[in-house]
Each structure stands twice: as structure tokens, then as C-alpha cells.
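Secondary and tertiary structure notes
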Amino acid sequence: MTTEQLYNELNYVNHSREKRLFYSKMVINNPALIPKLLDLLFMVDDKLSPRAAWVLEFMCTENTDTIAPYLEPFTQGINKVHLDPAVRPVAKICQILAQHYYSKEDNLIKTALTKTQQERIIETCFDYMINDEKVAAKAYSMVALFLFGKDFDWIHSELKIILDRDYPTQSAAFKARARIILKKMKKK
């Protein structure tokens, strides 16, 4: 399948779990599509960019190891993603990568995710935290940053400043996640 054919297929992706799952399994079963999917994701001003993000998120949820060979292009491009419907799945992928990296079970992400790639994820997550992003992107970013703070000792203090500053003006969902993260940071 060419990039153009995949682009046309993305027209059929919608918010339904069924469609996103169908296309994510198609990509998992044909990993040669992943670079093409990333190319489409990083066409950041195109209306189909978010649909590529949705498929990539479901792919990572279903089988995180499939993105391991593509962590370099993924982390190089994530800071360019800016459309709201694409930011949320990218933030979720960042959380998934952090969770797998710090998982007790062995997995491919633990060995594939480099320090430079972690730093790019951290930078993007902090951007999501300080910019006017929707609460889901902020919540996923909080979790990723908390986890990466286990190895990057400066992260927790910076994250705490942001959470304390934004807490009074944010939504109930933000406050709920922030309370959990702040409580975990106190235990550390």
C-alpha cells in the first residue's frame, strides 16, 4: 500500500473504536505501513493527520513493540503536532511509552527508547502542560512526566510548579489527575 492509498484509507477512520481498531490491526499486521502512517501524522496541517494519530495510538495500545523501530522519527516529529484531535493521541502514546519503559515486565521499549528520545518526549509533554491544550493531553503528559522524573531528577520539581500554579483554574478532570500525581511525588 502506498502512502497515497493509506491517506485515502484514513478517510474511513472515525471516532468509533471499531474503525480505529480495524486500521490499527491492519498496520500491526503490515509494519511497512508505520513509516507511511508517521508521514501522514506529521502532515500536521492536514485534516487527516488526527486520524493517523488515532490509528497510531490504537496500534501502540494493542502492541507497543510495533513502534519500537520507529521511535526516532516519532520523537523527532511529535513537537510539530498541534491540531487538538491529534495532540491527545500523541500525548497518550507518550504516556504508553513511559509506562512500558518503567514497566516491571521486559519489553522492547525498555531497550529501544534512548535518552535523547526520552528528552524529546519530556519536552513535548512539558509543552502540552504549559500550552492551552485540552485536559486529556495534559493528563497523559502528567503521567509520562512523573514516570520520566524517576531518572531525570529535575522533572518532578518543575511538574509540581506547573500543577500547583494551574490547579485553581483547571477542570475537575485536571485536578483529579494532578492530585494523584502530586500525592505520588510526595511519597517519593
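You'll find the structure just up there.
Residues numbered from 1 in each chain as written. Predicted model: local features only at pLDDT ≥ 70, side-chain atom pairs only at ≥ 80, totals over all residues. Heavy atoms only, no water.

**A word on the packing of helix α6 (residues 84–101) against helix α9 (residues 135–148)**
Between α6 and α9, the shortest axis-to-axis distance is 8 Å and the interhelical angle comes to 20°. Here α9 runs roughly parallel to α6, going by the angle between their axes. Note that α6 runs across α9; the crossing there is left-handed. Facing α6, whose interface residues are V87, R88, A91, K92, C94, Q95, A98, Q99 and Y101, α9 presents A136, A137, A139, Y140, S141, V143, A144, L147 and F148. In terms of residue class, the contact of α6 with α9 is built from 13 nonpolar, three polar and two charged. (Axes fitted to C-alpha atoms, helices over the stretch in contact; angles between N-to-C directions. Helix = DSSP H or I, 4+ residues; strand = E, 2+ residues; numbered from the N terminus. Parallel < 35°, antiparallel > 145°, perpendicular 65-115°, else oblique. Left-handed = near helix turned anticlockwise from the far one by under 90°. Contact = heavy atoms within 4.5 Å. Nonpolar A, V, L, I, M, F, W, Y, C, P; charged D, E, K, R; others polar.)

**Some thoughts on the nonpolar core**
In terms of nonpolar packing, the biggest core is built from 66 residues, with L41, L56, I67, F74, F148 and L163 touching the most fellow members. Among the elements that take part in this core, α6 stands out by supplying 10 residues, more than any other. Among all residues touching I67, those that are not within four sequence positions of it are L56, M59, C60, F74, I93, L97 and I109. (Core = buried A, V, L, I, M, F, W, Y, C linked by side-chain atoms within 4.5 Å. Buried < 20%, exposed > 50% of the residue type's maximum accessible area, 1.4 Å probe, protein only.)

**Topic: α9**
The end-to-end C-alpha distance of α9, which contains 14 residues, comes to 20 Å, matching closely the 20 Å that a straight helix rising 1.5 Å per residue would cover. Among the 14 residues of α9, 12 are classified as buried, and the element is accordingly described as predominantly covered. Summarising the contacts, the buried residues of α9 are in contact with α6, α8 (115–130), α10 (155–166) and α11 (172–187). (Expected span 1.5 Å × (residues − 1).)

**Structural notes on a positive patch on the surface**
A grouping of K104, K150, K183, K184 and K187 is seen on the molecular surface, where their side chains present a positively charged patch. Tracing the chain through its elements places K183 in helix α11. Classification of K183 as exposed rests on a relative accessible area of 54%. (Patch = residues over 30% accessible without salt bridge, like charges linked within 9 Å, V, L, I, M, F, W, Y side chains within 5 Å. Areas by Shrake-Rupley, 256 points an atom, 1.4 Å probe, with all protein chains shown as cover. Salt bridge = Lys/Arg side-chain N within 4 Å of Asp/Glu carboxyl O. Lys, Arg positive; Asp, Glu negative; His and termini not counted. Charge placed at Lys NZ, Arg CZ, Asp CG, Glu CD.)

**A few points about the environment of D166**
As for its position among the elements, D166 is in helix α10. Residues D166 and L33 lie 133 residues apart in sequence; the distance between their C-alpha atoms is 40 Å. The contact partners of D166, leaving out residues within four places of it in the chain, are M129 and F174. A polar contact of 2.8 Å, which involves the side chain of D166, links it to the side chain of R165. (Polar contact = N/O pair within 3.5 Å; in protein donor to acceptor, adjacent residues only side chain to side chain.)

**A closer look at the side chain of Q118**
Within the element layout of this structure, Q118 appears in helix α8. Not counting the four nearest positions on each side in its chain, Q118 is found in contact with Y101, Y102, L113, F148 and F152.

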